[in-house]
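Structural description and commentary
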Amino acid sequence: MGVFEWIRGRLGSERMVTWGLLLPVMAVLLAYVLYPSYRTLAESVWVDGAFSLKNYRAFFNPDSLSNLEALWNSVYISLLSVLFSALIGVPLALIFNRYDFPGRRLFASAAILPMVLPSLVGVMSFMFLYGESGLVTRSLQDFFGLQEPPFRLRGVAGILLVHAYTMYVYFYMTVSSAIRGIHPALEEAAANLGAGPWRRFRSVILPLLTPALVAASLLVFMTSMASFSAPFLLAGGFRVLSLQIYFSKINGNLDMAATQSVILSIISISFLLFMRWYQGRRDYRMMEKGVSHHRRELHNPWVKWPLVLAGTVGVILLLLPHVTLVILSLVPEGTWTWQTYPTQFSLENYRLLMKDPRIWEPVRNSLWMAALATAGNFLFGVLTSYVLAKRKFKGKNLLDILVMLPWALPATVVAMNLILAFNVPTPFTLGHILVGTFWILPLAYFVRHIPLVVRSTHAALEQLDDSLEEAARNLGARWFTAFRRVILPVILPGIMAGTLLAFVTAVGEFVSSVMLYTIANRPISIEIMNQLRMFNLGQAAAYAVYQILLIAGVLLISQRFFGVKAENTL
């Protein structure tokens, strides 16, 4: 009987630990994910105190095509972004991971350079390069003696160019990781059976890359659907749904903004479910593990040197946006007006950034808000990942879906959810109104980046044998002691991968910021926009360079001290 009583007591204790861990997780998700989403849905269907589909009829009204046009534009631009990003990223991954040639290591490292460009900074650098008054545009116009600029970076073509540059990295990194995990015996067996190179690729390699291609397609499609910076600066009269939400909000039409947010959410979540269904139709696992395929050294000079040349040109094109920002950050205010090119350079913008408290304030705000949000992501992500990976309870799949919901929702939708939920006092805000305060932006960053930390930590916990924790508990350690002394040190690299990605993403966040900021808590991205509006290009570029250096520094520190490489943060 003593043994049975001990087992019953141990099971009861484990159940108490599980519920003790689960309750705060559910409370956070209820308060800051589910409740805001519910408020947006309610706002869209509750008109004049009664249930009504008036807003949805207005959205789909054929006599007013602006919303339908924006919806269609968002979908087809996202699909084209997936296509163009794949056409760039997949071939690069195949070339750099399957062949060896001079400069390959440098070219492969340069291929992830767009990672350190926040969305607004990336669009801004393309405007400085390829806009109507851009450096490349002006150079070509002068060189060929043209009366008009040879091209203008705007509209659909401009948006797709920026999307392809900034998003091909998703395909490049996910496909590279998948290629490195393919056992060489599979391809060798196909070759021994008489399959040619194209048939081996189509029948062996491509099916094994399907999960990576699906994951990258999801990332690109959902990032493009949520894209705000490129349409905001380049679209002109071209409508997309994320901009429609912003314009409805600033015009005070919150009912329509809520309706547009619900529809954008439905499209994004539907694509997520469709791609997960497509991936789940077949089993893509290999029966054994082994070393990945060795890169094949290229000896044919007609193949090797064109690749080296193409790689060199590619590195130059990848570096141009960064170099342009550095050059323009050295242009003092008011010295580049009517001139074709900047003629004066100094460190004045950087001196102002370090000395003037008003100019330094957005930098301090970004660092402080990103740090607060990331600390919350760290604590919540570790707790949630542990519950999902190591605890048994009913409703685990539902919890997993709720955790991933902020990742499926565009940033404009997350911002609108928080506006509609917390523009009045609620129990979740301790009776305070959060909209218009400092705290609304850290909360938005926290909610938006929950899945980043949870996914990376969950992956690390899945590889951890349960016997390690059980051994510690059997030796008398309490749960917290076993977690702190045994589990946490092992999974720390996985935690840091997601945490650092959440931090650098929060530092560069623009979409949530432009919907929620106040003058007192404006971050770097908003100040960059303000400087652009005042045509102070040098100061805007200086902020952008500082933002890039900060992100690059965090990535270098993560690799140096935690062994987390940039390509492992996706």
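Calculation criteria
Residues numbered from 1 in each chain as written. Predicted model: local features only at pLDDT ≥ 70, side-chain atom pairs only at ≥ 80, totals over all residues. Heavy atoms only, no water. Helix = DSSP H or I, 4+ residues; strand = E, 2+ residues; numbered from the N terminus. Buried < 20%, exposed > 50% of the residue type's maximum accessible area, 1.4 Å probe, protein only. Contact = heavy atoms within 4.5 Å. Areas by Shrake-Rupley, 256 points an atom, 1.4 Å probe, with all protein chains shown as cover. Axes fitted to C-alpha atoms, helices over the stretch in contact; angles between N-to-C directions. Parallel < 35°, antiparallel > 145°, perpendicular 65-115°, else oblique. Nonpolar A, V, L, I, M, F, W, Y, C, P; charged D, E, K, R; others polar. Phe/Tyr/Trp six-rings, centres within 6.5 Å; stacked < 30°, edge-to-face > 60°. Salt bridge = Lys/Arg side-chain N within 4 Å of Asp/Glu carboxyl O. Expected span 1.5 Å × (residues − 1). Patch = residues over 30% accessible without salt bridge, like charges linked within 9 Å, V, L, I, M, F, W, Y side chains within 5 Å. pLDDT = per-residue confidence, 0-100. Bend = angle between axes of the 7 residues up to and from the residue.

Looking only at helices and strands, one finds 24 helices and four strands in the protein. Expressed as a percentage of its 570 residues, the buried residues of the protein come to 51%. Long-range contacts, defined here as pairs at least 24 residues apart, represent 76% of the contacts in the protein between residues at least 6 apart. For the protein, the computed accessible surface area is about 27800 Å², with 65% contributed by carbon and sulfur atoms.

Running from N to C, helix 14 (residues 348-355) and helix 15 (residues 357-390) cross one another at 75°; their axes reach a closest spacing of 6 Å. Looking at the two axes, helix 14 sits roughly perpendicular to helix 15. Residues Leu352, Leu353, Met354 and Lys355 of helix 14 pack against Pro357, Ile359, Trp360 and Val363 of helix 15. The residue makeup of the contact of helix 14 with helix 15, split by class, is seven nonpolar, no polar and one charged.

With respect to the helices and strands, the residue proline 211 is situated in helix 9 (residues 197-225). For the pair formed by proline 211 and threonine 174, sequence separation is 37 residues and the distance between their alpha carbons is 9.1 Å.

With that settled, consider unusual backbone geometry. With phi around 55°, leucine 430 is a residue other than glycine that occupies positive phi space. Topologically, leucine 430 is positioned in the loop between helix 17 (411-421) and helix 18 (440-448).

A separate point is the packing of aromatic side chains. The tally for this structure, following the rule as stated, stands at 18 aromatic pairs. Judged by centre distance (6.2 Å) and plane angle (40°), the rings of tyrosine 35 and phenylalanine 422 are tilted. Linking tyrosine 35 in helix 1 (residues 2-45) with phenylalanine 422 in the loop between helix 17 and helix 18, this pair joins segments that are 387 residues apart in sequence. Overall, the relative accessible area of 0% leaves phenylalanine 422 in the buried class. The interplanar angle of 90° and the centroid separation of 5.0 Å between the aromatic rings of phenylalanine 143 and phenylalanine 144 together place this pair among those described as edge-to-face.

Turning our attention to the pattern of salt bridges. Per the counting criterion, the structure on display carries six salt bridges. Here arginine 39 makes a salt bridge to glutamate 43, at a shortest N to O gap of 3.8 Å. One end of the pair is arginine 39 and the other is glutamate 43, both in helix 1 and four residues apart, which spans about a single turn. A salt bridge links glutamate 527 to arginine 522, with the nearest nitrogen and oxygen atoms 2.8 Å apart. For the pair glutamate 527 and arginine 522, a shared accessibility class is recorded, and that class is buried.

It is worth spelling out the environment of valine 363 at this point. Note on placement: valine 363 falls in helix 15. For the pair formed by valine 363 and serine 525, sequence separation is 162 residues and the distance between their alpha carbons is 9.3 Å.

For the α-helix, the turn length of 3.6 residues means that residues three or four positions removed from each other point alike. An ideal rise of 1.5 Å per residue puts 16 Å on twelve residues; helix 5 (residues 119-130) measures up with 16 Å between its terminal C-alpha atoms. Listed in full, the buried residues belonging to helix 5 are Leu120, Val121, Gly122, Val123, Met124, Ser125, Phe126, Phe128, Leu129 and Tyr130.

Relative to the helices and strands, threonine 259 is located in helix 12 (residues 254-280). Judged by relative accessible area, threonine 259 falls into the buried class, the value being 0%. Setting aside chain neighbours within four positions, we find threonine 259 in contact with Ser44, Asn55, Tyr56 and Phe59.

Now for a nonpolar patch on the surface. There is a patch of nonpolar side chains on the surface, built from Leu140, Phe143, Phe144, Leu146 and Phe151 and spanning about 500 Å² of accessible area. Note that phenylalanine 143 resides in helix 6 (residues 135-144). Taking relative accessible area as the criterion, phenylalanine 143 reaches 68% and is therefore assigned exposed.

Next up on the list: the confidence of the model for the protein. Model confidence for the protein is summarised by a mean pLDDT of 80, while 84% of its residues fall at 70 or above. Within the protein, the lowest mean pLDDT, 65, falls on strand 4 (residues 296-297), and the highest, 93, falls on helix 18. A low-confidence stretch, residues 3-8 stays under pLDDT 50, and its non-local contacts, those more than four residues away or across chains, total zero contacts.

Our next topic: helix 13 (residues 301-329). With 29 residues, helix 13 should cover 42 Å at 1.5 Å per step; its first-to-last C-alpha distance of 41 Å lies within 8% of that length. Leucine 320 marks where helix 13 bends most, by close to 40°; the proline proline 321 follows one to four residues later. Taken residue by residue, helix 13 has Lys304, Val308, Gly311, Val315, Leu318, Pro321, His322, Thr324, Leu325, Leu328 and Ser329 as its buried positions.

Counting through the fold element by element, glutamate 333 comes out in the loop between helix 13 and helix 14. Since its relative accessible area comes to 54%, glutamate 333 is described here as exposed. As for glutamate 333 and phenylalanine 535, which are separated by 202 residues in sequence, their C-alpha atoms are 8.9 Å apart. Beyond its immediate sequence surroundings of up to four residues, glutamate 333 is in contact with Glu348, Asn349 and Asn536.

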